[in-house]
Amino acid sequence: MSLSERPRPEPDRDSAPWWEAVRRHELIVQRCDGCAALRFPARSVCNRCRSRNWTWVPASGTGRVYSWIITHQVFLKGLADEVPFLVLLVRLDDGDDLLMYGGLVGAGADVLRPGLPVEAVFTDVPGEDGTTLVQWKPRDLVS
Ligand SMILES: [Zn+2]
């Protein structure tokens, strides 16, 4: 199966601006207008001060591997040909509460360890709807 036949992300009310930014190869997070806390994933209410106002701000694009999973089961038919595949959970350098998922590029699972520095890489998926995915590359390997 080619990358273009994979299931696509389904942006919702809160995440749509994030996906639009990713399409422009920009990594952003929400900053609360009430208390300045950064947050991700996107949500409409700050869990610190309950403010419903926020601004999207650029993230550094760097983080550290928090955890990962290698999926051997076929949970989605559209990804049947991809198993086993690896999904990283990355803690952004911008804040401890900012966790993003994504694939690993530029290296194999053998390099993974908790705390490994990684950098966001934007992968444009072939197709008409212009989906872009955030993946993560070990920072030592970023040229
Ligand atoms: Zn707040």
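Cut-offs and rules
Residues numbered from 1 in each chain as written. Predicted model: local features only at pLDDT ≥ 70, side-chain atom pairs only at ≥ 80, totals over all residues. Heavy atoms only, no water. Helix = DSSP H or I, 4+ residues; strand = E, 2+ residues; numbered from the N terminus. Rg over C-alpha atoms; globule rule 2.2 N^0.38 Å. Buried < 20%, exposed > 50% of the residue type's maximum accessible area, 1.4 Å probe, protein only. Contact = heavy atoms within 4.5 Å. Areas by Shrake-Rupley, 256 points an atom, 1.4 Å probe, with all protein chains shown as cover. Lys, Arg positive; Asp, Glu negative; His and termini not counted. Charge placed at Lys NZ, Arg CZ, Asp CG, Glu CD. Domains from an automatic or database assignment. Buried area = accessible area lost by both parts, 1.4 Å probe. Pairing = 2+ DSSP bridges. Core = buried A, V, L, I, M, F, W, Y, C linked by side-chain atoms within 4.5 Å. Donors = N, O, S within 2.8 Å, 3.2 Å for Na, K, Ca; no water.

Of regular secondary structure, the protein possesses one helix and eight strands. Each helix (α) and strand (β) of the protein, taken in turn from the N terminus, gives the series α-β-β-β-β-β-β-β-β. Taking 143 residues into account, the globule formula puts the C-alpha radius of gyration at 15 Å, and the protein, at 16 Å, falls close to it. Dimensions along the principal axes, computed over C-alpha positions, put the protein at roughly 45 × 35 × 30 Å. Buried residues in the protein amount to 37% of all 143 residues. Taking contacts inside the protein between residues at least 6 apart in sequence as the whole, the part at least 24 apart equals 55%. Of the accessible surface of the protein, which amounts to about 8400 Å², a share of 50% is contributed by carbon and sulfur atoms. For the protein, the distance from the average position of its 17 positive side-chain charges to the average position of its 19 negative side-chain charges is 7 Å.

For the protein, the assigned domains are domain 1 (11-59) and domain 2 (60-143). Taking only C-alpha atoms, the centre of domain 1 and the centre of domain 2 are 20 Å apart. Each side of the interface is counted separately: domain 1 has 14 residues, and domain 2 has 17 residues. Summing both partners gives a buried area of about 1200 Å² for domain 1 against domain 2, and 72% of it is carried by carbon and sulfur.

Spatially, three strands are ordered E2-E1-E3 in an open sheet, and the strand pairing comes out antiparallel. Two strands bound the open sheet, and with one partner strand each, they are strand E2 (38-39) and strand E3 (54-58). Note that strand E1 (residues 28-32) and E2 share two bridges and pair antiparallel. Bridge pairing in E2 links Gln30 to Arg39.

If you look at the biggest cluster of nonpolar residues, it comprises 24 residues, and the most contacted ones within it are Trp18, Leu27, Leu88, Leu92, Met100 and Trp136. Of all elements in the fold, only helix H1 (16-23), E1, strand E5 (85-92), strand E6 (99-104), strand E7 (117-124) and strand E8 (132-138) reach the threshold of two or more residues within this core. Looking at which domains feed residues into this core, each of domain 1 (11-59) and domain 2 (60-143) supplies at least three. Among residues more than four places away in sequence, those in contact with Leu88 are Val65, Ser67, Trp68, Met100, Tyr101, Gly102, Gly103, Leu104, Leu112 and Trp136.

On to the coordination of the zinc ion, then. At 2.3 to 2.4 Å from the zinc ion lie its protein donor atoms, namely Cys32 (SG), Cys35 (SG), Cys46 (SG) and Cys49 (SG). Of note, the zinc ion draws all its donor residues from one chain, in the sequence arrangement C-x2-C-x10-C-x2-C. In this pair, Cys32 sits in strand E1 while Cys49 sits in the loop between E2 and E3, placing the two residues 17 residues apart along the sequence.

This part takes up the pairing of E5. Where strand E4 (residues 62-71) meets E5, eight bridges bridge the pair, whose relative direction is antiparallel. When the sheet's bridge partners are listed, Thr71 is paired in E5 with Phe85. Of the pairings in the sheet, the one linking E5 to E6 comprises four bridges and is antiparallel in character. Bridge pairing in E6 places Leu88 opposite Gly102.

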